[in-house]
Amino acid sequence: AGQLVEAMLELVASESAALLAGDNDGRLADLNVRSALASWDALHQADEALRLLELADRHPLAPRLRFAAALAAGAAEALAAVEPGLGDSVELAIELAEAWLWRHGRVDRTLAIVDRLLAGELPAALRGHVIELACLVHAATGSWARVVELRQQLTAHPASDQPHGDPDAVAA
């Protein structure tokens, strides 16, 4: 299987070279992302995959794949290195905050991310999750006034899948 993937990657590399001569950045980025996935998944060549992802920096999947590679590396340094390039994705920011908290115990990094997210506009479907995460990290730092404020926000503006109104229903 490895030889087949390597042969396919050689073909893709020749097509990429041809695209470099033209003006087809989108197609080239797509080929680089596909090659990165093949290098990473089939050939277990994480360094080559990251190199190809750098070439596909404008592809919409590139930030998520770089983030996944940082998670797979397991080191806090890898996560810190990829953080600035994750873009404006709320979903990726939430995953990053959770990775800092659950994988590395970095309440400070998590706190900075969730507070930044809460200061902006969040989709209603994600707001409750971010508030819950913020409550957890603020409780871990002993910021109880902020926890109460956040819990009041949840009670005042519950998501459609949360109990409404009565604080006893919310507590249950």
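Every value quoted in this text rests on a predicted model; they were computed, and no experiment measured them. (Residues numbered from 1 in each chain as written. Predicted model: local features only at pLDDT ≥ 70, side-chain atom pairs only at ≥ 80, totals over all residues. Heavy atoms only, no water.)

In this model, helix 8 (residues 124-140) (17 residues) spans 25 Å end to end at C-alpha, consistent with the 24 Å of a helix rising 1.5 Å per residue. Those residues of helix 8 that fall on the buried side of the exposure criterion are Gly128, Val130, Ile131, Leu133, Ala134, Cys135, Val137 and His138. Looking at the buried side of helix 8, the elements it contacts are helix 6 (90-104), helix 7 (107-119) and helix 9 (144-156). Looking one or two residues beyond helix 8, the residue adopting positive phi is Gly142, at roughly 80 degrees. (Helix = DSSP H or I, 4+ residues; strand = E, 2+ residues; numbered from the N terminus. Expected span 1.5 Å × (residues − 1). Buried < 20%, exposed > 50% of the residue type's maximum accessible area, 1.4 Å probe, protein only. Contact = heavy atoms within 4.5 Å.)

Summarising the element assignment, His138 is placed in helix 8. Those residues in contact with His138, other than ones at most four positions away along the chain, are Leu111, Asp115, Ser143, Arg146, Val147 and Leu150.

Here the structure, examined in full by the defined rule, presents zero aromatic pairs. Across the ring face of Trp100, the terminal group of Arg106 is positioned such that the distance to the ring centre comes to 5.7 Å. (Phe/Tyr/Trp six-rings, centres within 6.5 Å; stacked < 30°, edge-to-face > 60°. Lys NZ or Arg CZ within 6 Å of the ring centre and 35° of its normal.)

A few words on the packing of helix 8 against helix 9. Interhelical geometry of helix 8 versus helix 9 gives an angle of 160 degrees and a closest axis separation of 8 Å. Put simply, helix 8 runs roughly antiparallel to helix 9. Pair helix 8 / helix 9 crosses with left-handed handedness. Seen from helix 8, the contacting residues are Arg127, Gly128, Ile131, Glu132, Ala134, Cys135, His138 and Ala139; seen from helix 9, they are Trp144, Arg146, Val147, Leu150, Arg151, Gln153 and Leu154. Of the residues belonging to the contact of helix 8 with helix 9, the class tally is eight nonpolar, three polar and four charged. (Axes fitted to C-alpha atoms, helices over the stretch in contact; angles between N-to-C directions. Parallel < 35°, antiparallel > 145°, perpendicular 65-115°, else oblique. Left-handed = near helix turned anticlockwise from the far one by under 90°. Nonpolar A, V, L, I, M, F, W, Y, C, P; charged D, E, K, R; others polar.)

Moving on, we get to the environment of Glu98. Residue position: Glu98 is located in helix 6. Judged by its relative accessible area of 23%, Glu98 is partly exposed. Expressed as a C-alpha distance, the spacing of Glu98 and Leu133, which sit 35 residues apart in the sequence, is 8.1 Å. If we ignore the near neighbours within four places in the chain, the residues touching Glu98 are Arg103, His129 and Leu133.

Now for the nonpolar core. In terms of nonpolar packing, the biggest core is built from 29 residues, with Phe67, Leu79 and Leu117 touching the most fellow members. Residue assignment for this core shows that the elements contributing at least two residues are helix 4 (62-73), helix 5 (76-82), helix 6, helix 7, helix 8 and helix 9. The dominant element in this core, judged by the number of residues it contributes, is helix 6, at nine residues. Excluding residues that lie within four positions of it along the chain, Leu79 makes contacts with Phe67, Ala70, Leu71, Leu96, Ala99, Trp100 and His104. (Core = buried A, V, L, I, M, F, W, Y, C linked by side-chain atoms within 4.5 Å.)

This part takes up helix 6. In this model helix 6 runs 20 Å from its N-terminal to its C-terminal C-alpha over 15 residues, within 8% of the 21 Å that 1.5 Å per residue would give. Buried within helix 6 are the following residues: Val90, Leu92, Ala93, Ile94, Leu96, Ala97, Ala99, Trp100 and Leu101. Buried residues belonging to helix 6 abut helix 4, helix 5, helix 7 and helix 8. Once helix 6 ends, the next one or two residues include Gly105, with phi positive near 60 degrees.

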